[in-house]
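Listed below are the residues making up each chain.
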Amino acid sequence: MRIEKIHIHGFGKLIHTTIRMESTLHFIVGENEAGKSTIRAFIQAVLFGFPTRKEKLLRYEPKHSSNYGGSITIRMDDGREVMIERILKSKAAGDVTVTLDNGEIHGEEWLHVQLGKMDRHTYQGIFSFGVDGIQALHELKGEELNQYIYEAGVTGTRELARLEKELADRTDQLFRPKGKKPIINSKVKHVHQRVLEVKSWERNFEKYNQLLEEKEQINQQLKKLLVEKRVTEQKKEKIQRKKVFRQLLNDKEKVEKQLQQILMLPLFTEDAEKTWRQYTKRKEDAEFEWNDIELDIWKISARYQGVSVNWPKYTNTDKSYALKEKTLLYQSLREDIIRVNDDIAKRKMEADAWLKRINGDKMTLANADTSLQSEEELKAIEERGKDIRDKMRALEEQKNQEERELQQMQAEVNELESEVRPEKERLQRKELIEKHNQSSHSKGTLYLLLITAILLSIGSWEIVMGNQLRGVIILIAGVISFVVNRMKVEANKKTFVHKRESILHEQEMEEEERVIHRLKEVQWQMKRTSRKIIMMEETLEREIQNWIQIEKELEDWRQLYKFPALPSYQSVEYYFHQVKKWQDMNHKVYTLHYDIKSKKNMLHRIEAEVEELADVLKIPVKSSVEETIRDIHETCKAEVRLNDDTLEDASTIHYLYDQKSGLEQTMIHANDHIHRIYNHFHINTREEAERAIEARYEYENCQQKLEWLNEQIKAQLLPGESEREWKEEMKRIEDDWSINESEEIDKKEEELHKTFAKVGQEIEKLEKDGTYEDILQQVEEEKADLQDNIHEWLALTTAKQMINRAKSVYEKEKQPYVIRKASEYFSYITSGEGRRLLVPAGKDQLIIEYGNGDRFTPEELSRGTAEQLYLSLRLALAESFTRAEGFPLIMDDPFVNFDSTRRHQAFSLINQLTKNRQVIYFTCHEVPDFLKSPHNVSFLQG
């Protein structure tokens, strides 16, 4: 199986990405976060499904696309082309569509048949590996490192060791022969205690029944006592009702007597009381207001004796207010005149200083045109000139750069020409390589060794069976075969040395071809650079002519807008703005002169108005205009205030006389109504009226109290009873009833309740763990739970035995092949003849044996060598997976920590493996030159 194309609709950061793989060894190169790990995960997801959320793996859902999934196109071993597409629709793992080259369409079942027993964990453990496994090597030490490398040669992952540890932990949690805390041990002890409790409960049955009988007797006594208590309570209740009736009847008699006494006094009606109070209050309020008005009239009349208003001052009040408002204006004008004079002097000095800085004639500069049109034309000329200068500067820099590169290229050509060998010497080296390639060693060593083992086994068997002659002959043949095999091994060693020399020569030839190719490429670049320099010189000459034209346009502009001789081109725009600023300064000085003249005219008009009004009002003019205005305003304001107060008080006196007359009429009318009420009820004074009103209130309160007492008496009567019967009952002798009788009943009831509670506690104590049937049921349930734990322990123990048996079968049948292949690969990568791997019998550990007999464990190797051992085991395990022959190997930069020599050997080994299977190699480093071709490298953009 070989992957030919990957197309990603949307997966992680990759959107609409296509990668074609036209060779069995394909490199995918990209910086960090370019998407290498994403492509690895994509291949796995298409083959085995998107990870579900329960699997706790990255799903790589795209953030900028709604399409989740993609397809891979593979070439099967029989030549068929198959496209497998997986996209997210209805299933969490994605929906699969398999399209064959004949147009047939299949689903998930077809893919499962092709993959066989291959699942996600097997794929990750054997055929897809990289720096994650290498990183685990750096985190482990001692025995953990030995165990990790051993498991890499068994399953490719640490799942088996993790499963064995989980089984061991769980079995220890369930049962240990002498343990106390394990689940089975503790439950056996608990069930035994429960059985003892059942036996104890059976002994307490008789006592429990006696307590139940005693409890029932106490309950009957309490019921009898309750009946006696009810009779006593009824008797007590009747006596209490009798006391209540006596109190109610006595209160009723007192209220009736009080009503008879009140009816002998004169009583105001409610309407009469309301009228009397209304007119009394109206009379009192009128008298109080009349006294206040009389006092106010006297005060106002006394305040205006001998006072008059000055009419000239009163009539000029508006003018005084107008002058008052102009005071701030007058002060502001004086301050502005001083400030503007200072500003004029300052700006004139600045303009003169600016003229000296420009160093030009005042009249000429005044006539210069600095309008917007002239400024825009100057800017246009400057921008064109700037563009031409920038082009000239850029052309000169680029020309200098090209000339420097041309010199560097010439130096590189001289160096490359010195590295190239003569043509004759290169031909001789090529013939030597072809000669070594033709003398390949024999591949029959393995077959001879197998024949030797078979002959020796058969010969030994024949001797044991009694056929000694035949057995000796077969043994001699086996020995001859062994001798021939040893001779062939020695010959193969010499051939191996020649082969290594041939490889070195091939590498040197490839390097020399690369140098020749680079020499031709640099010579071509030199010719192209020379042509570019000539073209740049021509362009530079044209730009110089354009610059001369710009200088002519600038002179025409100067004459048109009447500017003096301009300074250098670089300062033309600065000079224009300097002239324009000087013109603005002169214009500002002229504007300020005009402004100060208008302010002085306004100041003189205000001073004339003040003098004129002061003369009319006979007020002396002071040195300060503000003080004169303030005197005028205060004088007029005082006259206006005096006039307003006089008019207001006259109106107030007229209003007060009207109110006084109205109040006198109100008092007369109220007094008439009050005397009519007195005559009606035959009273003469206000005190008698107050007593009559108070008597009415007492009468109403007694009526309400009498009604409430009648309702209370009625509520106390039972059906069939009457108030008359209760009055007769009151005349009889009190019933003989003592409170001691009730207390004795309560005391007896309390003693019975205490005895009842004590018996109940004893019964509850016997029942605290439930009834006898409940305890028996709990014992049976705990026994069933214990049986489930025992079954679980037996199942886990059986699983441990099956795993150990499977490992034993693997070590006998499959491990020898994996160890042998790993030894070959490890020896090839480390360039160490005679290095091999051993697995001691009965131990889960690898031993590395060197050619001199020294042995090492993985923890004794350097980190780099341990990584190479890990790689050899993973490759050997992939080779031994017979069900998936030809399944692609996917590697994520596992050689990153190798030195240059072993990295080269590792890549050479991978190149040899591509004869039987495809290898996809992800890396962020340079691809080795001897493996690079235009069709086997894909670059990812970060």
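What counts and what doesn't
Residue positions are given per chain, counting from 1 as you read along its sequence in written order. Whole-chain, interface and lining totals are the exception, using all residues; otherwise, since this is a predicted model, local features are given only for residues with pLDDT of at least 70 and side-chain atom pairs are given and counted only at 80 or more. Excluded from the side-chain calculations are hydrogens and water; all other atoms, namely the structure's heavy atoms, are used. In this text, helices come from DSSP runs of H or I with a minimum length of four residues, and strands from runs of E with a minimum of two, each type numbered from the N-terminal end. Remark: exposure states derive from per-residue accessible area (1.4 Å probe, protein chains only) relative to the maximum for the residue type, with buried under 20%, exposed over 50%, and partly exposed in between. We call two residues contacting when some pair of their heavy atoms lies within 4.5 Å. The protein chains shown are the only cover counted for residues, whose accessible areas, like all others here, come from Shrake-Rupley with a 1.4 Å probe. Note on pairing: two strands pair once DSSP finds at least 2 bridges between them. Nonpolar cores are built from buried Ala, Val, Leu, Ile, Met, Phe, Trp, Tyr and Cys residues. Side-chain atoms within 4.5 Å join them into one set. Angles here are taken between N-to-C directions and fall from 0 to 180 degrees, while the axes themselves are lines fitted to C-alpha atoms, restricted in helices to the stretch in contact. Just so you know how the angles are binned, under 35 degrees is roughly parallel, over 145 roughly antiparallel, 65 to 115 roughly perpendicular, and the rest oblique. For a helix, the expected span equals 1.5 Å multiplied by the residue count minus one. Note on scores: pLDDT gives the predictor's confidence for each residue, bounded by 0 and 100. Centre distance within 6.5 Å is the pairing criterion for rings of Phe, Tyr and Trp, where only the six-membered ring of Trp is used; planes under 30 degrees apart are then read as stacked, over 60 as edge-to-face, and the remainder as tilted. The salt bridge criterion pairs a side-chain nitrogen of Lys or Arg with a carboxyl oxygen of Asp or Glu, the two atoms within 4 Å.

### Concerning the overall build of the chain
- Scanning the chain from terminus to terminus reveals 25 helices and 14 strands.
- Looking at the chain as a whole, 36% of its 942 residues qualify as buried.
- Within the chain, contacts between residues separated by at least 24 positions form 74% of all contacts whose residues are at least 6 apart in sequence.
- If you sum the accessible surface of the chain, you get close to 60200 Å²; carbon and sulfur atoms cover 52% of it.

### A closer look at helix α3 (residues 120-127)
- Burial runs high along α3: 6 of the 8 residues are buried.
- Those residues of α3 that fall on the buried side of the exposure criterion are Arg120, Thr122, Tyr123, Gly125, Ile126 and Phe127.
- For α3, the elements touching its buried residues are α1 (36-48), β8 (128-130), α24 (863-880) and β12 (889-892).

### A word on the pairing of strand β2 (residues 14-20)
- As paired elements, strand β1 (residues 2-11) and β2 share 6 bridges and run antiparallel to each other. For Ile6, the partnering residue across the bridge sits in β2 and is Ile19.
- Once β1 ends, the chain turns through 2 residues before running back antiparallel as β2, passing Gly12 with a positive phi of about 65°.

### A look at the side chain of Thr830
- Along the polypeptide, Thr830 turns up in helix α23 (residues 815-830).
- What Thr830 contacts, discounting residues up to four positions off in sequence, is Arg835, Gln868 and Arg902.

### Things to note about the nonpolar core
- Core analysis: the largest hydrophobic core is formed by 75 residues, its most contacted members being Ile6, Phe27, Ile39, Ile84, Leu875, Met891 and Phe895.
- Other than its neighbours up to four places away in sequence, Leu875 contacts Phe129, Tyr825, Leu889, Met891, Leu909, Ile910 and Leu913.
- In this structure, Trp354, Ala368, Tyr561 and Trp582 belong to the second largest nonpolar core, which totals 24 residues.

### Concerning the packing of α24 against helix α25 (residues 900-913)
- Taken N-terminus to C-terminus, the directions of α24 and α25 make an angle of 5°; their axes are 12 Å apart at the nearest point. With respect to each other, α24 and α25 are oriented roughly parallel. Mapping the contact onto sequence places Thr865, Gln868, Leu875 and Glu879 in α24 and Arg902, Leu909, Ile910 and Leu913 in α25.

### Focus: the sheet that holds β8
- The sheet built from 5 strands is open, its strands ordered β8-β12-β13-β3-β14 with parallel pairing. Two strands close off the open sheet at either side, each with one partner strand: β8 and β14 (937-939). Adjacent strand axes in the sheet meet at a mean angle of 15°, parallel and antiparallel pairs treated alike.
- As paired elements, β8 and β12 share 3 bridges and run parallel to each other. Each bridged residue has a counterpart across the sheet, and for Phe129 the counterpart in β12 is Met891.
- Packing against the sheet, α24 makes contact with β8 and β12, and its axis sits at approximately 175° to β8.
- The strands touched by α25 within the sheet are β3 (25-29), β12 and β13 (919-923), with β3 carrying the most contacts at an inclination of about 130°.

### Considering the environment of Thr315
- Relative to the helices and strands, Thr315 resides in helix α10 (residues 311-315).
- Between the C-alpha atom of Thr315 and that of Glu639, which follows or precedes it by 324 residues, the distance is 9.4 Å.

### Description of helix α18 (residues 625-680)
- Here α18 is 56 residues long and its end C-alpha atoms lie 83 Å apart, about the 82 Å a rise of 1.5 Å per residue gives.
- His682 sits one or two residues past α18 and shows a positive phi near 60°.

### Let's talk about the confidence of the model for the chain
- On average, residues of the chain carry a pLDDT of 78, and 85% of them reach 70 or more.
- Ranking the elements of the chain by mean pLDDT puts helix α5 (residues 142-152) last with 52 and strand β4 (residues 69-75) first with 93.

### Focus: the packing of aromatic side chains
- Enumeration according to the criterion identifies 13 aromatic pairs in this entry.
- Ring plane angle 15° and centroid distance 4.3 Å describe the contact between Phe50 and Tyr68, whose orientation is recorded as stacked. Of this pair, Phe50 sits in the loop between α1 and β4 while Tyr68 sits in the loop between α1 and β4, placing them 18 residues apart in sequence. Each member of the pair Phe50 and Tyr68 is classed as buried.
- Here the aromatic cluster, defined as three or more aromatic residues joined through ring pairs, consists of Phe11, Phe42, Phe50, Tyr60 and Tyr68.

### Remarks on unusual backbone geometry
- Backbone geometry places His16, a non-glycine residue, at a positive phi of 50°.
- With respect to the helices and strands, His16 occurs in strand β2.
- The backbone of Glu33 shows a phi angle near 65°, a positive value even though the residue is not glycine.
- Within the fold, Glu33 resides in the loop between β3 and α1.

### Points about the pattern of salt bridges
- By the definition in use, this model includes 23 salt bridges.
- Between Lys399 and Glu537 there is a salt bridge, with the nearest N and O atoms lying 3.3 Å from each other. Taken together, the positions of Lys399 in helix α13 (residues 372-419) and Glu537 in helix α16 (residues 468-560) put the pair 138 residues apart, joining distant regions of the chain.
- A single salt-bridge network, built from bridges that share partners, covers Arg2, Glu4, Arg75 and Glu81.

### Things to note about the sheet that holds strand β9 (residues 836-838)
- Strand order in this open sheet of 3 strands is β9-β10-β11, and the pairing throughout is antiparallel. Two strands lie at the open edges of the sheet, namely β9 and β11 (855-856), each paired on one side alone.
- Bridge analysis of strand β10 (residues 847-849) against β11 gives 2 bridges, and the strand direction is antiparallel. Bridging across to β11, Ile848 finds its partner in Phe856.

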